[in-house]
Amino acid sequence: LHDVLVHFFKNDDEGGNQVQDLFIIGFDDYNDALDTELHQNLIMADINDGGLFDMANPRNSINSVTNKAEFDYRYNRFVEALARRYQEVNAKADGGALHQLYLWRGALDLRPAKTEFEICQDLLATDVESFDNLNCLNVVQLETLCQSQRSDVEEYAPGTCKTNNDNSTIIIAVLCSIVGAGVVAFVVYYTYKRYQNYRRITMAHEQLMESTLNEAIRALHQLDYPLHLIRGDEFIDEGKLIRHEVLRNNHKLTVLDSLSDVDAFITAGQHVVFFSHQWTSFTVPDPSNNQYETMCISLRELVKQNGWSENLKDVFVWVDFSCIPQANPSTQNLAIRSLAAYASSATYFIIVAPDTPHADLDDTCDLDTYQRRMWCRAEQVCHSMRNGTSGMYLAVRKDNALIPVISDFFRESLRVFEGELTCCRLEHKGTSACDRQSLVIPLLGLYGELYRAAKDGIKGGNAEALSSVEAFLKEIEEHQESVFPRTFQRVTWRKNKRYTEEVVLFGDLIDRMKYRIDHGIGFAIDTENTGTVSSKGSEFIRHGASDFLRHGVVHGASAHNRNVTDS
């Protein structure tokens, strides 16, 4: 793996490929292992539990300078534990760690291409410890290497090559005859190796595509980070948008750990209102408080229109600054990965876009600038693709006007990837990742859900109830290349040089998802923790006001496993 990564990070002058993305099968498991051992079991664990932190008196926490011996002992124990966890992840993969290494090299198209046998052959000469760790004796027979690597074989296993001395003359004669074949043998070998390389790359690509499809389906039924909500009355009493950590520490957030919890929460009569808005400053969301005041007015108006209790205790609000972690980048990224699930799970969706000056730019933020933002479009699409537009409203003034969106409002928003992004405006300086790529999995999963509901619903005689679904699909079908672009142009900076590269976005994933559904394969999920998703399209239809996809579909486990926690 070290050799793979060294090759991956070579610059162009050294023969590297700096625009090649690194995809690693099992990345989530490796990352979870590192997070558990480093954060939970070392950095934030109490001293008495083997960690570095003294919960009773933080000043007595173990310091790497003043208490180096104890620090090194616990750090080395962490390294050993992490190694064991990584070996457990490797063991889950077909072929273990050696096959993982082989797949990664194929995905990166590293040259020269190596089979598992060739990898072990090189390790025998350069790194015997890794040769043993990768269980290479299951792949190679040492006797077969006596002619090409006699000294390496004898050093590793003395006496192995002694029985082969009598065969030396015969082997030399055979080798000479092979060389005599000349040009014909070379052409055959070259053609065969090219075919092998093609097959390896094709297999690695297929595995990556199938893994992405599976992850998109899984994302429909699981949250990477719990849904946090603030009760309507407490939202209004705060007087402004409050940072997530402040609300958390004051126990004013309601936490729903899974999508099945969300379903149970809504079934119990609670209402979830998702506020979507554009930040009007680079550092805080609403420095003028103009958007917050519009949110409060629109919330009261929604309560009034629906005849709910005016104490607002059965209305819960989601807004990014209050419901997504702001201090910890790791948990913030997990919440952002769940943003599509948050938006699609809400019962009401309000676009908050009053005319508001941007605090750091000579510009006014309004509905037009809101609609140009990619993340704003994504939130709308994630909600409307599952719930339709009947519960979506515009709040652009402070005169109690809560305007329902028109039925085809989704058409412009569907072109999510034509929206503006801050990372693209900054030309991805300091990072090679683009926010567009983080939306592929959630939008792919929602499309699959939509396509399957239409297909099975029509077969089951529910064509009228699925008219809105068909409108979505027709718009997508007519403009698929702009709604789900196969590739996009990414501008990056490396070593003070500007690179423009074409990067795969959806590729043929939409066609693959259609194929799965059309052939009735690979969409149902049946696991111990997430319950069973029926293969019948009727399971997807909401029997409520909008006749759209049922809220939450079949999100998870049975009711006795649903927990709603107030933090």
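So, here's what we can say about the structure. (Residues numbered from 1 in each chain as written. Predicted model: local features only at pLDDT ≥ 70, side-chain atom pairs only at ≥ 80, totals over all residues. Heavy atoms only, no water.)

1. Focus: the pairing of strand S4 (residues 315-318)
And then number 1: Residues Val315 and Val317 point to one face of S4 and Phe316 and Trp318 to the other, with burial holding for every one of them.
And then number 2: In the sheet, strand S1 (residues 227-231) pairs with S4 via two bridges, with the strands oriented antiparallel. Across the sheet, the residue bridging to Ile230 is Val317, located in S4.
And then number 3: The parallel pair strand S3 (residues 271-277) and S4 is bridged by helix H13 (residues 290-306), and the resulting crossover is right-handed. (Buried < 20%, exposed > 50% of the residue type's maximum accessible area, 1.4 Å probe, protein only. Helix = DSSP H or I, 4+ residues; strand = E, 2+ residues; numbered from the N terminus. Pairing = 2+ DSSP bridges. Right-handed = clockwise from strand over helix to strand, strands pointing away.)

2. Structural notes on the pattern of salt bridges
And then number 1: Using the criterion set out here, one finds 25 salt bridges in the structure.
And then number 2: The salt bridge involving Asp72 is made with Lys68; its shortest N-O contact spans 2.6 Å. In this pair, Asp72 and Lys68 both sit in helix H3 (residues 68-92), four residues apart, roughly one turn of the helix.
And then number 3: Among the ionic pairs, Arg231 bridges to Glu234, the shortest N-O distance being 3.7 Å.
And then number 4: According to the relative accessible area criterion, Arg231 is partly exposed, its value standing at 25%.
And then number 5: A single salt-bridge network, built from bridges that share partners, covers Glu206, Glu210, Asp508, Arg512 and Arg516. (Salt bridge = Lys/Arg side-chain N within 4 Å of Asp/Glu carboxyl O.)

3. Considerations on unusual backbone geometry
And then number 1: Although it is not a glycine, Asn289 adopts a positive phi angle of roughly 65°.
And then number 2: On the secondary structure map, Asn289 appears in the loop between S3 and H13.
And then number 3: For Asn289, a relative accessible area of 18% translates into the label buried.
And then number 4: Positive phi values are uncommon outside glycine, yet Lys495 reaches one of about 55°.
And then number 5: Mapped onto the elements of the fold, Lys495 is located in the loop between strand S10 (487-494) and strand S11 (497-504).

4. Section: the pairing of S3
And then number 1: Burial within S3 is extensive, with seven of its seven residues counted as buried.
And then number 2: When S3 meets S4, the two strands line up parallel, connected through four bridges. Bridge pairing in S4 links Phe274 to Trp318.
And then number 3: For S3 and strand S5 (residues 348-352), the ladder comprises five bridges, and the chain directions are parallel. Note on S5: the bridge partner recorded for Val273 is Tyr348.

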